[in-house]
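Observations on chain architecture
Given next are the chains, with one letter for each unit.
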Amino acid sequence: MADEPDDNWLHAEVFPCPSCQQALFRVDHSPFGDDYLLYCDQCANCVEVSYYDSGTLAFADRIREEGTLQPGWPQTKALLRLIEGRLKPCSCGGRYRYDAARRCPFCLAPVLIDMPWIELWPGYFWVKDDEDPTAEQTEQADAYMSAHKRESDLWQVDESAQ
Ligand SMILES: [Zn+2]
Ligand SMILES: [Zn+2]
């Protein structure tokens, strides 16, 4: 891997699942995005939480007001812990956690452990830098996202706040 071209700075790579051999695509979560991606601790589903979601902003305010943590990763980690504590559970019954193992979408084997900065997707998500996805790839990826990535209706209802 030492010879990776510089333009692959998010370390995008296709590799076979060590368990079922299906093609998988891994990529670093872009630092230029505006969302956190938390994965289920029991399956390959994930949830996308925007930096600008009202829940995220409220947690971030709380952390800043407490003022006990250094800016940067200590604050981010505390924020992610607050977020994961309030997210609705996955449809499989698992919990979304920022540091959950990234599981193979096909066989659900844990593939990437303790690598919370990495996203793991089916191999058909991979597109060469200078190419566009084919219509079939776009269709497959869209279908996967709508089945496995939650982007709305994120939070548990706080009964005590009603
Ligand atoms: Zn697999
Ligand atoms: Zn799940």
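Along each chain, residues carry numbers from 1 onward, in the same order as the chain's sequence is written. The order in which chains are written sets their letters, starting at A; the order in which ligands are written sets their numbers, starting at 1. Totals for whole chains, interfaces and linings use every residue, but because this is a predicted model, local features are given only for residues with pLDDT of at least 70 and side-chain atom pairs only at 80 or more, for both listing and counting.

1. Some words on the overall build of the chain
- Per the convention used, a helix needs a DSSP run of H or I reaching at least four residues, while a strand needs a run of E reaching at least two, with both numbered from the N terminus. The helix and strand inventory of the chain stands at 3 helices and 9 strands.
- Note that the radius of gyration is over C-alpha atoms, with the globule rule given as 2.2 Å times the number of residues to the power 0.38. In terms of overall dimensions, the chain is globule-like: its C-alpha atoms have a radius of gyration of 17 Å, near the 15 Å expected for 162 residues.
- With the principal axes as the frame, the chain shows a C-alpha extent of 45 × 35 × 30 Å.
- With C-beta atoms placed from the backbone, a residue counts as buried when 20 or more other C-beta atoms lie within 10 Å of its own, as exposed when 12 or fewer do, and as partly exposed for counts between those limits. Every one of the 162 residues in the chain was classed for burial, and the buried ones make up 18%.

2. Looking at unusual backbone geometry
- Its identity as a non-glycine residue notwithstanding, Gln21 has a phi of 75°, on the positive side.
- In this structure, Gln21 sits in the loop between strand S1 (13-16) and strand S2 (23-28).
- Using a count of 11 C-beta atoms within 10 Å as the deciding quantity, one classes Gln21 as exposed.
- Despite not being glycine, Leu108 shows a phi value in the positive range, around 65°.
- One can find Leu108 in the loop between strand S6 (102-103) and strand S7 (110-112).

3. Focus: the nonpolar core
- A set of buried Ala, Val, Leu, Ile, Met, Phe, Trp, Tyr and Cys residues, joined through C-beta atoms within 7 Å, is what we mean by a nonpolar core. Grouped together as the largest cluster of nonpolar side chains are 14 residues, with contacts concentrated most on Leu38, Tyr39, Cys40, Ile83 and Tyr96.
- Looking at which element gives the most residues to this core, the answer is strand S3 (residues 35-40), with 4 residues.
- The contact rule is simple: place each C-beta atom from the backbone, and if two of them lie within 7 Å, those residues are in contact. Residues contacting Tyr96, with those up to four places away along its chain left out, are Leu38, Tyr39, Cys40, Val47, Glu84, Leu87 and Cys90.

4. Here's the deal with the sheet that holds strand S8 (residues 118-122)
- Note on pairing: two strands pair once DSSP finds at least 2 bridges between them. Strands sit in the order S1-S2-S8 across an open sheet of 3 strands; the sheet is antiparallel. Looking at strand neighbours, the two that pair on one side only are S1 and S8, the edges of this open sheet. The sheet shows a mean angle of 30° between the axes of neighbouring strands, direction not considered.
- For S1 and S2, the ladder comprises 4 bridges, and the chain directions are antiparallel. Counted as the bridge partner of Pro16 is Ala23 from S2. Axes here refer to lines fitted to C-alpha atoms; in helices the fit is confined to the stretch in contact. Angles between the N-to-C directions go from 0 to 180 degrees.

5. What to know about the environment of Trp117
- Here Trp117 lies in the loop between S7 and S8.
- Here Trp117 falls in the partly exposed class, since 13 other C-beta atoms lie within 10 Å of it.
- Here Trp117 is in contact with Asp28 and His29, once residues within four sequence places are set aside.

6. Some thoughts on helix H1 (residues 54-66)
- Helices are assigned an expected span. That span is 1.5 Å times one less than the residue count. Look at H1: 18 Å from first C-alpha to last across 13 residues, which is about the 18 Å you get at 1.5 Å a residue.
- Counting buried residues in H1 gives 1 out of 13 residues, a small share hidden from the surface.
- Within two residues after H1, Gly67 carries a phi angle of roughly 65°, on the positive side.

In short, shape yes, function no, at least from these values alone.
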